[in-house]
Amino acid sequence: MKKRWIYGALCLIWMFVIFGMSNAQGEESQGMSDTIVIFLSKILPFVSYNDTWTFIVRKLAHFSEYAILGMLYYLFFSTYRIIGKKQILILIGCVFAYACSDEFHQLFMEGRAGQFRDVCIDTVGGATGILLWHWIYTYLLKYKQKRMPHEI
């Protein structure tokens, strides 16, 4: 029960983090992306400061933040001990719903636009996080069962 509260709180905190990033106006959001691209261009010889790399960084940010959200959703849902294919689809649906609400929120921010392409990137990121964590969770569970001595 304690884990459920912790994982639930982590989900909510991460959702607020995503909301906060989406709350940034267009220029501020662009500035964050530009800063990352400039940093990467200094340490990676194949990265240059241009619109293409800024676009890639922005979309990877979408993907990554929702991959983390997907993992947190999975952890929370796993406290109910009923993770199967149907539940994974429900979790992906939850990620999709939050991504839609996030893009809708961006419609009201100056210099931002809600885009279905970003909803798709967010959903794929969340699904990747969910499936990755499912694989890790399943592997660890099988490993733990193999390591436990058999009871009589």
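Residues numbered from 1 in each chain as written. Predicted model: local features only at pLDDT ≥ 70, side-chain atom pairs only at ≥ 80, totals over all residues. Heavy atoms only, no water.

1. Describing the nonpolar core
Part 1 of the argument: Membership of the largest hydrophobic core comes to 19 residues, with the highest contact counts inside it found for Tyr66, Leu69, Tyr73, Leu91, Tyr98 and Ile130.
Part 2 of the argument: Put simply, the parts of the chain that give this core at least two residues each are α1 (2–22), α3 (51–78), α4 (85–106) and α5 (116–147).
Part 3 of the argument: The dominant element in this core, judged by the number of residues it contributes, is α3, at seven residues.
Part 4 of the argument: Those residues in contact with leucine 69 that lie beyond four places of it in its chain are Cys11, Trp14, Met15, Ile18 and Tyr98. (Core = buried A, V, L, I, M, F, W, Y, C linked by side-chain atoms within 4.5 Å. Buried < 20%, exposed > 50% of the residue type's maximum accessible area, 1.4 Å probe, protein only. Helix = DSSP H or I, 4+ residues; strand = E, 2+ residues; numbered from the N terminus. Contact = heavy atoms within 4.5 Å.)

2. Details of α5
Part 1 of the argument: An ideal rise of 1.5 Å per residue puts 46 Å on 32 residues; α5 measures up with 46 Å between its terminal C-alpha atoms.
Part 2 of the argument: Of the residues making up α5, those classed as buried are Asp118, Val119, Asp122, Thr123, Gly125, Gly126, Ala127, Gly129 and Ile130.
Part 3 of the argument: Close packing links the buried residues of α5 with α3 and α4. (Expected span 1.5 Å × (residues − 1).)

Just geometry here; none of it tells us what the structure is for.
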